[in-house]
Amino acid sequence: MNREVTLPLIVDDRGTLQVAAADVSRLLRTVGGRWLRLVEAGEQGLDEDTVAALTIELAKLADRIDVACIAHSSGTP
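This structure is a prediction, so every number in the text was calculated from the model and none was measured.

*Asks:* Any details on the pattern of salt bridges? Residues and values, ideally.
*Replies:* For the coordinates displayed, the defined rule picks out four salt bridges. Measuring nitrogen to oxygen at the nearest pair gives 2.8 Å for the salt bridge that ties Asp-63 to Arg-29. Of the two residues, Asp-63 sits in helix H2 (residues 48-74) while Arg-29 sits in helix H1 (residues 21-40), which places them 34 residues apart along the sequence. Residue Asp-63 is classed as partly exposed on the basis of its relative accessible area, which comes to 38%. Linked through salt bridges whose partners overlap, the residues forming this network are Arg-29, Asp-63 and Asp-66.

Rules behind the numbers
Residues numbered from 1 in each chain as written. Predicted model: local features only at pLDDT ≥ 70, side-chain atom pairs only at ≥ 80, totals over all residues. Heavy atoms only, no water. Salt bridge = Lys/Arg side-chain N within 4 Å of Asp/Glu carboxyl O. Helix = DSSP H or I, 4+ residues; strand = E, 2+ residues; numbered from the N terminus. Buried < 20%, exposed > 50% of the residue type's maximum accessible area, 1.4 Å probe, protein only.

See below:
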């Protein structure tokens, strides 16, 4: 199942971007990494398979953001 995700960007009233895409992708990777460390530390109530699946999906989304930014900065449609 492939679902597209659209993330609204946070802009001010002049249209200036307030959150850098690099910060968003870093946040996604950080959240996944922290979840994995909690599982490794034996945190109760976390299902290892679910955390792994969610972490992979967050990393994929971060990759898509990074690729889109690279394409945009290189002029690739």
